[in-house]
Amino acid sequence: LLRNIHLYSAFIIVSFLLMYFVTGGVMILESAFPRISKETTVQTLPVEGNDSEEKIIRDLCTRFTIHGDLRITTSNGGNKVYHFFRPGYRAELRRVHIDSIQVSVKEGTFGSVMNDFHRLRGYEGSWTHMLWAFLYDLSCISLLVFAFSGVYLWWNLERNKTTGLAFLLASTVITAFTF
């Protein structure tokens, strides 16, 4: 049973190491995969009627197909600013006057999408970001399970422990001094 746990935790770790390898490689090779926005759209639109601000924002999101994780902040003038985020995409809706709202949409390149995936963290936002954060935590737990189960299996299966103890002690010392 412990060998299977050790094996399956390695599969989880490898999947996330592969993701970090690919996204990190794209970040390092920024000259080949630039992180600039490929398209930025900014429009100032008049607001008519007595609709609530939330309804106006919903209508504009439908009209411009704006979606992603929503974060609401307050500008210096006290107006709400609606920020929408997903990897490689940013949108912002802000009231510039009492009768107009500015819509800004930035769509990123492949490099910016990979950069956002590499840096994505935290339990906030939509269910997809919550799932992503859970998978991150699962990979962290898998790293601990893999390490402890590996040491336990080695200790019980290996007769000559001198070489293994030397490597375990050396790696522990190196980790302690670099931390």
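Residues numbered from 1 in each chain as written. Predicted model: local features only at pLDDT ≥ 70, side-chain atom pairs only at ≥ 80, totals over all residues. Heavy atoms only, no water.

## Let's talk about the pattern of salt bridges
Working step 1: Taken as a whole and assessed by the stated rule, the structure comprises five salt bridges.
Working step 2: Taking the shortest distance from any N to any O, the salt bridge between Asp 59 and Lys 55 comes out at 3.0 Å. Residue Asp 59 and its partner Lys 55 are located together in helix α2 (residues 53–63), separated by four residues, close to a single helical turn.
Working step 3: Arg 90 is paired through a salt bridge with Asp 116; the nearest N and O atoms lie 3.0 Å apart. Of this pair, Arg 90 sits in strand β4 (residues 89–97) while Asp 116 is found in helix α3 (residues 110–119), placing the two residues 26 residues apart along the sequence. (Salt bridge = Lys/Arg side-chain N within 4 Å of Asp/Glu carboxyl O. Helix = DSSP H or I, 4+ residues; strand = E, 2+ residues; numbered from the N terminus.)

## Section: unusual backbone geometry
Working step 1: Within the chain, Thr 65 stands out as a residue other than glycine whose phi angle is a positive 45°.
Working step 2: Relative to the elements of secondary structure, Thr 65 occurs in the loop between α2 and β2 (69–74).
Working step 3: Under the relative-accessibility criterion, Thr 65 is labelled exposed at 57%. (Buried < 20%, exposed > 50% of the residue type's maximum accessible area, 1.4 Å probe, protein only.)

## What about the pairing of strand β3 (residues 80–86)?
Working step 1: Here six bridges tie β2 to β3, and the two strands are oriented antiparallel to one another. When the bridges of β3 are listed, Arg 71 appears paired with His 83.
Working step 2: Hairpin connection from β2 to β3: five residues lie between these consecutive antiparallel strands, with Gly 78 at a positive phi of about 90°.
Working step 3: Here β3 hands over to β4 after two residues, with Gly 88 in that stretch at a positive phi of 80°. (Pairing = 2+ DSSP bridges.)

## Some words on a nonpolar patch on the surface
Working step 1: Taken together, the side chains of Tyr 123, Trp 127, Met 130, Leu 131 and Phe 134 define a hydrophobic patch exposed on the protein surface, amounting to about 580 Å² of accessible area.
Working step 2: Summarising the element assignment, Tyr 123 is placed in the loop between α3 and α4 (127–157).
Working step 3: Among the residues examined, Tyr 123 registers a relative accessible area of 46% and is labelled partly exposed. (Patch = residues over 30% accessible without salt bridge, like charges linked within 9 Å, V, L, I, M, F, W, Y side chains within 5 Å. Areas by Shrake-Rupley, 256 points an atom, 1.4 Å probe, with all protein chains shown as cover.)

## Some words on the sheet that holds β3
Working step 1: Here we have five strands laid out as an open sheet, ordered β1-β5-β4-β3-β2, and antiparallel in their pairing. In this open sheet, the two edge strands, each paired with only one partner strand, are β1 (37–46) and β2. Going across the sheet, the axis of each strand differs from the next one's by a mean of 15°, ignoring polarity.
Working step 2: As judged from the eight bridges shared by β4 and strand β5 (residues 100–108), these two strands associate in the antiparallel manner. When the bridges of β5 are listed, Arg 90 appears paired with Lys 106.
Working step 3: Sitting on the sheet, α2 touches β1, β3, β4 and β5, and the angle it makes with β3 is about 35°. (Axes fitted to C-alpha atoms, helices over the stretch in contact; angles between N-to-C directions. Contact = heavy atoms within 4.5 Å.)

## Focus on the nonpolar core
Here is a general trend for soluble globular proteins: nonpolar side chains tend to be buried in one another's company.
Working step 1: Ile 57, Ile 66, Phe 84, Leu 93, Ile 101 and Val 103 are the most contacted members of the largest nonpolar core, which totals 15 residues.
Working step 2: Elements with a contribution of two residues or more to this core: α2, β3, β4 and β5.
Working step 3: The dominant element in this core, judged by the number of residues it contributes, is α2, at four residues.
Working step 4: Ignoring sequence-local partners within four residues, the contact set of Phe 84 consists of Ile 57, Cys 61, Ile 66, His 67, Gly 68, Asp 69, Leu 70, Tyr 89, Arg 90, Ala 91 and Leu 93.
Working step 5: In terms of nonpolar packing, the next biggest core, distinct from the first, is built from six residues, Phe 85, Leu 120, Trp 132 and Tyr 136 among them. (Core = buried A, V, L, I, M, F, W, Y, C linked by side-chain atoms within 4.5 Å.)

## Side note on the confidence of the model for the protein chain
Working step 1: For the protein chain, per-residue confidence averages 86 on the pLDDT scale, and 100% of positions sit at 70 or higher.
Working step 2: Here β1 is the element of the protein chain with the lowest mean pLDDT, 80, and helix α5 (residues 162–178) is the one with the highest, 91. (pLDDT = per-residue confidence, 0-100.)

## A closer look at the packing of helix α1 (residues 2–28) against α3
Working step 1: Between α1 and α3, the shortest axis-to-axis distance is 9 Å and the interhelical angle comes to 130°. For the element pair α1 / α3, the angle class is oblique. In terms of crossing hand, the pair formed by α1 and α3 is left-handed. Together, Tyr 20, Thr 23, Gly 24, Val 26 and Met 27 of α1 and Phe 110, Gly 111, Met 114, Asn 115, Phe 117, His 118 and Arg 119 of α3 make up the contact between the two elements.
Working step 2: Here the residues of the contact of α1 with α3 are counted per class, giving six nonpolar, five polar and one charged. (Parallel < 35°, antiparallel > 145°, perpendicular 65-115°, else oblique. Left-handed = near helix turned anticlockwise from the far one by under 90°. Nonpolar A, V, L, I, M, F, W, Y, C, P; charged D, E, K, R; others polar.)

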